Amino acid sequence: MESAGVVLLGGDLPVRRLGYGTMRLTGPGFWGPPADRDEAVRVLRRAVECGVTLIDTADSYGPHIAEELVAEALYPYPPDLVISTKGGYTRQGPDQWRPLGRPEYLRQCVELSLRRLRLDRIDLYHLHRIDPAVPLADQLGALAELQSEGKIGHIGLSEAGVSEIRAARQLVEVAAVQNIYSLTRQRMRDTLEYCTAEGIAFVPYFPLGKGELARPDGLLAAVAGELRATPAQVALAWLLHLSPLVVPIPGTSRVSHLEENLRAPAVSLTAGQVAALTAAWTDHPVS
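Okay, so let's go over this structure. (Residues numbered from 1 in each chain as written. Predicted model: local features only at pLDDT ≥ 70, side-chain atom pairs only at ≥ 80, totals over all residues. Heavy atoms only, no water.)

### A closer look at the pairing of strand 11 (residues 201–205)
Among the 5 residues of strand 11, 5 are classified as buried, and the element is accordingly described as predominantly covered. Neither face of strand 11 is exposed, since Ala201, Val203 and Tyr205 on one face and Phe202 and Pro204 on the opposite face are all buried. As paired strands, strand 10 (residues 174–180) and strand 11 are joined by 5 bridges and run parallel to one another. Bridged to Ile180 within strand 11 is Tyr205. On the question of chirality, the crossover connecting strand 10 to the parallel strand 11 by way of helix 6 (residues 189–198) is right-handed. (Buried < 20%, exposed > 50% of the residue type's maximum accessible area, 1.4 Å probe, protein only. Helix = DSSP H or I, 4+ residues; strand = E, 2+ residues; numbered from the N terminus. Pairing = 2+ DSSP bridges. Right-handed = clockwise from strand over helix to strand, strands pointing away.)

Pasting the structure below:
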């Protein structure tokens, strides 16, 4: 992987600025095992071989399957590899998700993730969703207790807006915010700008949309042709140029797509090109 620079999560945990997200290693609707388990293992190992130092997963992917695959493929972990996982989001079936933020449940989530990942401490643990039925202080209080016990290194949020991040920072130090963000999904631009101003890592998931930005005949085909890059590489390069604290986590179940994505930092965009791309798709309908 070309040098993508480094971000310090929480001020002391270095990760390269292009990570890998494991959601797509699971079955249809992010439910059940992958169609090709051997290829899933190869993807994870190849990501680390190519210099990825942030692997992002969650107990709800599968559920549990993505975490198990991470451990199967990568344990014992390289010393510079950061494992990020998430809890507080339950699954009822394919494409079905429901937040559950009761403190006792979050503690169970962390303990079981530690076991599946074969870790004594999770480097970065995200509250996968804020549960509106449970006081935020109770949800983050549970994670803070686990942090004080040494079972969590840094705490993050997922799909959080500026007001929610501000409220959370009254209770814990927030090291990272993981939100959906891409050329066609710029709704949380204010959150990106807030995180940048406050020194909080911003981790876009679905950075290629749900695949539409990687299509060879899609929105970015013409721009990619001019830059001698692929559409996926342009979409990722655009994100990397938005802020030095952006850490995209593109996911894929194929080694060939992984290697393509990891060449994105070599795509050089001018400030004018970044602005033009931003403006062109700010209001593009989500597919």
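### Side note on the nonpolar core
Tyr20, Leu44, Ile55, Tyr77, Leu140, Leu143 and Trp238 are the most contacted members of the largest nonpolar core, which totals 77 residues. Once residues lying within four places of it in the same chain are set aside, the contact partners of Leu44 are Tyr20, Thr22, Leu25, Ile55, Leu69, Val70, Ala73 and Leu74. Core analysis: the next-biggest nonpolar cluster, separate from the first, contains 22 residues, Met23, Leu54, Tyr61 and Ile180 among them. (Core = buried A, V, L, I, M, F, W, Y, C linked by side-chain atoms within 4.5 Å. Contact = heavy atoms within 4.5 Å.)

### Side note on the environment of Gly101
When you line up the elements, Gly101 lands in the loop between strand 7 (96–99) and helix 3 (103–117). A residue is classified by how much of its surface remains accessible, and Gly101, at 0% relative accessible area, is buried. Taking the C-alpha atoms as reference points, Gly101 and Val134, 33 residues apart in sequence, are found 6.1 Å from one another. If near-sequence neighbours (up to four positions away) are discounted, Gly101 is found in contact with Leu106, Asp131, Val134 and Gln139.

### With respect to the sheet that holds strand 3 (residues 20–21)
If you walk across this open sheet you meet the 7 strands as 3-4-5-8-9-10-11, and the pairing is parallel. With one partner strand each, in any of the chains shown, strand 3 and strand 11 form the two edges of the open sheet. Here strand 3 pairs with strand 4 (residues 54–56) via 2 bridges, running parallel. If you follow Tyr20 over to strand 4, its bridge partner there is Ile55.

### Some thoughts on unusual backbone geometry
The linkage connecting Gly62 with the following residue, Pro63, adopts the cis geometry, with an omega of -10 degrees. Topologically, Pro63 is positioned in the loop between strand 4 and helix 2 (65–74). Of note, the amide linkage connecting Tyr75 to Pro76 takes the cis form, showing an omega dihedral of 0 degrees. Among the structural elements, Pro76 can be located in the loop between helix 2 and strand 5 (82–87). Non-glycine residue Phe30 carries a positive phi angle of around 60 degrees. Along the chain, the position of Phe30 falls in the loop between strand 3 and helix 1 (37–49).

### Structural notes on the environment of Leu81
Looking at the secondary structure, you find Leu81 in the loop between helix 2 and strand 5. The buried category is assigned to Leu81, whose relative accessible area is 7%. When residues no more than four places from it in sequence are discounted, the contact partners of Leu81 are Val48, Val52, Thr53, Leu54, Ile55, Leu74 and Asp123.

### A look at helix 10 (residues 271–281)
Along helix 10, the residues classified as buried are Val274, Leu277, Thr278 and Trp281. What you see down the axis of helix 10 is that its buried residues fit within an arc of 100 degrees, all on one side. Exposed side of helix 10, more than 90 degrees from the buried face: Ala279 and Ala280 are the residues found there. Looking at the buried side of helix 10, the elements it contacts are helix 6, helix 7 (221–227) and helix 8 (231–242). (Arc of directions from axis to C-beta.)

### Observations concerning the side chain of Thr90
Looking at the element boundaries, Thr90 is found in strand 6 (residues 89–93). In terms of polar contacts, Thr90 uses its side chain to reach the side chain of Gln92, at 2.9 Å. With residues up to four places along the chain from it excluded, the contact list for Thr90 reads Gln96, Trp97, Arg98, Leu100 and Tyr105. (Polar contact = N/O pair within 3.5 Å; in protein donor to acceptor, adjacent residues only side chain to side chain.)

### Considering the packing of aromatic side chains
By the definition in use, this model includes 8 aromatic pairs. Aromatic pair Phe30 and Trp97: ring centres 6.3 Å apart, planes at 50 degrees, arrangement tilted. Here Phe30 is found in the loop between strand 3 and helix 1, whereas its partner Trp97 is found in strand 7, with 67 residues between them in sequence. The class of Phe30 is buried, set by a relative accessible area of 16%. Their ring planes at 90 degrees and their centres at 5.5 Å tell us that Tyr181 and Phe202 sit as a pair that is edge-to-face. With a gap of 21 residues between them, Tyr181 in the loop between strand 10 and helix 6 and Phe202 in strand 11 connect regions that are remote in the sequence. For Tyr181, a relative accessible area of 0% translates into the label buried. In this structure an aromatic cluster arises from ring pairing among Phe30, Tyr61, Tyr89, Trp97, Tyr205 and Phe206. The ring of Trp97 carries the charged tip of Arg91 above its face, separated from the ring centre by 3.8 Å. (Phe/Tyr/Trp six-rings, centres within 6.5 Å; stacked < 30°, edge-to-face > 60°. Lys NZ or Arg CZ within 6 Å of the ring centre and 35° of its normal.)

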